[in-house]
Amino acid sequence: MRTNRKAAGRTAAALLTACALALVAGCSGSGGKDSEDKADDGGGGTAAKTPRMKIAMVTHSGEGDSFWDIVQSGAKVAAAKDNAQFLYAANKEGKEQAQLIQSYIDQDVDGLIVTLAKPEAVKAVLAKATAAGIPVVTINSGAEFSEPFGALGHIGQDEAIAGEAVGEELNKRGKNKALCVIHEQGNVSLEGRCAGVKKTFEGTVENLNVEGTNMPATTSSIEAKLQSAKDIDTVVTLGAPFAAASVKAKESAGSGAEINTFDLNEDVVKQLKAKEIGFAVDQQPYLQGYLAVDELWLKKNNGNVIGGGKPVLTGPALVTEKDVPALEKFTARGTR
């Protein structure tokens, strides 16, 4: 697994913070095999003896996107450790996201975790949250809007840096023309990824907008493009579920294009192992959920701000078939 150098320092800092949190929360002091067995579920420990908190997360997830299951897994483990109730809601439309955030403000939650895929749609309601004294942490998307919108900080990968890393890898692989598949129009993070690829890739990049919530239509759109543009030698998808759709589209189109993808899950690891995918970009979604909950807990109980208010990067790391043996166990349990 190769981690982009620009991200490595902040990623390491995030991991050190996560380790320190266990001490602050008052975890069990037992060791040996029992400790190893407990750690095998992806984290956790003895619940903090701090006042009960209510923490809500609102994301832009569409139906069936397994990425957000992994984010929630991390958040739930951290919430159990931090003696917090964890609430979750999602909608791919910005207007509905704002309404969900307002509903949690009305419930007087102790903290909010939000994504900023469509930042302008939630700007006003986040101002209401901060005015009401509810701390906000942003994750995953829209890092550049986090501080202006009054958030404590942002946890995720820098999408431009991630895209640039993909472009550099495509150069190493001798690719000449890339198709970058955007599965949600208007999502600033997805657009940032494709822009990053275009910045460093020495070949040409063409964006293709597809209807990400309709997988058959997505597959058909990619297939049609590969049939009409035979010179496309690599497809870059921006989410794990769309890698499988691209593999299927490639076969139907009779294309020789290499499929590469952002994000990691159990299916992608299997596809890497079968050499159906060349590489994947891992942004560690489990860590995004886990650290976001911990940041809200730390702020309330110890006045801390992870990263000093600057974005804390959880990726990117490029994963290939060589990394499969180390990752299979974690992806199978839904934590990577």
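Keep in mind that what you see is a predicted model, and the values were worked out from it rather than measured.

What follows deals with the overall build of the protein chain. A count of helices and strands for the protein chain gives 13 helices and 13 strands. For the protein chain, buried positions account for 53% of its 336 residues. Here the protein chain displays about 14,100 Å² of accessible surface, and carbon together with sulfur accounts for 50% of that area.

With that out of the way, let us pick up helix α5 (residues 119-131). An ideal rise of 1.5 Å per residue puts 18 Å on 13 residues; α5 measures up with 18 Å between its terminal C-alpha atoms. Most pronounced at Val125, the bend in α5 amounts to some 30°. Among the residues of α5, those classed as buried are Pro119, Val122, Val125, Leu126 and Ala129. The first or second residue beyond α5 is Gly133, which carries a positive phi of 80°.

For helix α11 (residues 266-273), the complete set of buried residues consists of Val268, Val269, Gln271 and Leu272. Down the axis of α11, the smallest arc covering the buried residues is 160°, so these residues share one side. Sitting at the head of α11, Asn265 places a side-chain oxygen 3.1 Å from the backbone nitrogen of Asp267. Directly after α11, the chain includes Lys275, whose backbone phi takes a positive value near 60°.

Formed by 30 residues in total, the largest nonpolar core has its most connected members in Ile55, Met57, Ile113, Val137, Ile139, Ile155 and Val293. Secondary-structure elements contributing two or more residues to this core are β2 (53-59), α3 (67-81), β3 (84-90), β5 (136-139) and α12 (285-302). Tallying contributions element by element places α12 first for this core, with 9 residues. Formed by 25 residues, the second largest nonpolar core is a distinct cluster that contains Ala249, Ile259, Leu264 and Leu272.

Right, let's talk about the packing of helix α7 (residues 159-172) against helix α8 (residues 188-200) for a bit. The geometry of α7 relative to α8 is characterised by a closest axis approach of 6 Å and an angle of 40° between their N-to-C directions. Taken together, α7 and α8 sit at an angle that is classed as oblique. Note that α7 runs across α8; the crossing there is right-handed. Contacts between α7 and α8 involve Glu159, Ala160, Gly163, Glu164, Val166, Gly167, Glu168, Leu170 and Asn171 from the former and Ser189, Gly192, Arg193, Gly196, Val197, Lys199 and Thr200 from the latter.

On to the sheet that holds strand β6 (residues 153-156), then. Across the sheet, 6 strands lie side by side as β3-β2-β4-β5-β6-β12; this open sheet has parallel pairing. Of all strands in the sheet, those with a lone pairing partner are β3 and β12 (312-313), marking the two edges. By the bridge criterion, 2 bridges tie β6 to β12 in an arrangement that is parallel. Residue pairing for β12: Gly156 is matched across the bridge by Leu313. Lying on the sheet, α3 is in contact with β2, β3 and β5; it crosses β3 at an angle near 165°.

What describes two packed helices is the angle between their axes and the distance between those same axes. The contact between helix α9 (residues 215-228) and helix α10 (residues 240-253) brings their axes to 8 Å, and the two run at 45°. Accordingly, the angle class assigned to the pair α9 and α10 is oblique. As for how α9 packs across α10, the hand of that crossing is right-handed. Here Met215, Thr218, Thr219, Ile222, Glu223, Leu226 and Gln227 of α9 lie close against α10, whose contacting residues are Pro241, Phe242, Ala245, Ser246, Lys248, Ala249, Lys250, Ser252 and Ala253. When its residues are assigned to classes, the contact of α9 with α10 shows 8 nonpolar, 5 polar and 3 charged.

Looking down a regular strand, the side chains alternate between one sheet face and the other. The sheet contact formed by β2 and β3 spans 7 bridges and is parallel. Across the sheet, the residue bridging to Ala56 is Leu87, located in β3. Running through α3, the crossover from β2 to the neighbouring parallel element β3 is right-handed.

We now examine the environment of Ile55. Checked against the element boundaries, Ile55 lands in strand β2. Dropping the residues within four chain positions of it, Ile55 is found in contact with Ala84, Gln85, Phe86, Leu87, Gly111, Ile113, Val293 and Leu296.

Reading the values: the criteria
Residues numbered from 1 in each chain as written. Predicted model: local features only at pLDDT ≥ 70, side-chain atom pairs only at ≥ 80, totals over all residues. Heavy atoms only, no water. Helix = DSSP H or I, 4+ residues; strand = E, 2+ residues; numbered from the N terminus. Buried < 20%, exposed > 50% of the residue type's maximum accessible area, 1.4 Å probe, protein only. Areas by Shrake-Rupley, 256 points an atom, 1.4 Å probe, with all protein chains shown as cover. Expected span 1.5 Å × (residues − 1). Bend = angle between axes of the 7 residues up to and from the residue. Arc of directions from axis to C-beta. Polar contact = N/O pair within 3.5 Å; in protein donor to acceptor, adjacent residues only side chain to side chain. Core = buried A, V, L, I, M, F, W, Y, C linked by side-chain atoms within 4.5 Å. Axes fitted to C-alpha atoms, helices over the stretch in contact; angles between N-to-C directions. Parallel < 35°, antiparallel > 145°, perpendicular 65-115°, else oblique. Left-handed = near helix turned anticlockwise from the far one by under 90°. Contact = heavy atoms within 4.5 Å. Pairing = 2+ DSSP bridges. Nonpolar A, V, L, I, M, F, W, Y, C, P; charged D, E, K, R; others polar. Right-handed = clockwise from strand over helix to strand, strands pointing away.

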